[in-house]
Amino acid sequence: MTWITRPRSDRSGLAAIVAGDGAQIVLLHGVGLRAEAWNRQIDAFSERYHVTALDMPGHGDSAVRPNLTRVSDYADAVLGAFDGPALIVGHSMGAMIALDLAVRAPERVKGVVALNAIFERSPEAAAAVQARAAELDGVTVADPTGALNRWFGANDSSECAACHDWLCSASPEGYKAAYTAFAHNPGPRRSNLERLSCPALFMPGALEPNSTPAMSEAMAALTPKGRAIIVPDAAHMMPMTHPEV
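From a predicted model like this one, the values you see are computed outputs, not experimental measurements.

Conventions used here
Residues numbered from 1 in each chain as written. Predicted model: local features only at pLDDT ≥ 70, side-chain atom pairs only at ≥ 80, totals over all residues. Heavy atoms only, no water. Helix = DSSP H or I, 4+ residues; strand = E, 2+ residues; numbered from the N terminus. Buried < 20%, exposed > 50% of the residue type's maximum accessible area, 1.4 Å probe, protein only. Contact = heavy atoms within 4.5 Å. Axes fitted to C-alpha atoms, helices over the stretch in contact; angles between N-to-C directions. Parallel < 35°, antiparallel > 145°, perpendicular 65-115°, else oblique. Left-handed = near helix turned anticlockwise from the far one by under 90°. 1 Å grid on protein atoms, 1.4 Å probe; cavity = no way out; pocket = protein on both sides within 12 Å on 5 of 7 lines; lining within 4 Å. Points joined across faces, edges and corners; volume = space filled by probe spheres on them. Nonpolar A, V, L, I, M, F, W, Y, C, P; charged D, E, K, R; others polar.

### Observations concerning the overall build of the chain
- The secondary structure content of the chain amounts to 10 helices and 8 strands.
- Along the three orthogonal principal directions, the C-alpha set of the chain runs to about 40 × 40 × 35 Å.
- Split into buried and exposed, the 245 residues of the chain put 53% on the buried side.
- When contacts within the chain are restricted to residue pairs at least 6 apart in sequence, long-range pairs at least 24 apart make up 76% of them.

Rendered as structure tokens:
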């Protein structure tokens, strides 16, 4: 598949790919990516739904915003970009934003899907991701090699090539801000998951070493309407590599 660049609309200061009619689905990508990471979902879902795939602040065609230091700050930026209620689907950091929205704005969220979400990292994992964040200077483009190796291993594919291009073209300032917020957020609090009122689906890849299947299973067990589905043979970038799931 060629990962084409699509036209954008403005949604309260965020760039967005908008397609289809019907009930609303909002798609939130991960750090360093852009709305086109959801190309296959946009094509499939827009046949029946109104799909909004957002560029996060400082990503894609969305401008860098000052003072975004927490995942909740990014959730606040997203909140103005869609009219609820909507099904919110997030991947990686986007999943953390989606869960934050479901907890803090339940009237706007009728369901949440968290793909490869983080929950209660081990001290070693937290130290590793925070060390990577500390290495970013916000001025130079970060070497994408480490991220691509974690996401794809040795696999050379059109998905890997697209992510390479997106990481290399991302705003260094926007990337540092988002990655730092991601690195210092342990995931949703247990108490927040226990009071989550909407249906919640947690989906990790079985081969994911960081946002592990055990994390998703633990979150689903805490959530009143939670469910976990582990995707076999998938790693971190499963929205691109396993779109049919």
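### Digging into unusual backbone geometry
- With a phi angle near 65°, Asn67 is a residue other than glycine that sits in the positive phi range.
- Secondary-structure assignment places Asn67 in the loop between β4 (50–54) and α2 (71–79).
- Judged by its relative accessible area of 69%, Asn67 is exposed.
- Residues other than glycine seldom take positive phi values, yet Ser92 does so here, at roughly 60°.

### Considering the packing of helix α5 (residues 145–152) against helix α6 (residues 158–169)
- Relative to each other, α5 and α6 sit at 150°, their axes nearing to 10 Å. In terms of orientation, α5 and α6 fall into the roughly antiparallel class. Our pair here, α5 against α6, has a crossing hand that is right-handed. From α5, Ala147, Leu148, Trp151 and Phe152 reach across to α6, where they touch Glu159, Cys160, Cys163, His164 and Leu167.

### Concerning the layout of surface pockets
- Space inside the largest pocket adds up to approximately 410 Å³.
- Lining the largest pocket we find 17 residues, and of these Val71, Ser72, Asp100, Asn185 and Gly187 sit closest to its centre.
- Among the elements of the structure, α2 and α3 (93–104) are those that each provide at least two residues to the lining of the largest pocket.
- Looking at the lining of the largest pocket element by element, the count peaks at 5 residues for α3.
- In the lining of the largest pocket, the residues fall into 7 nonpolar, 6 polar and 4 charged.

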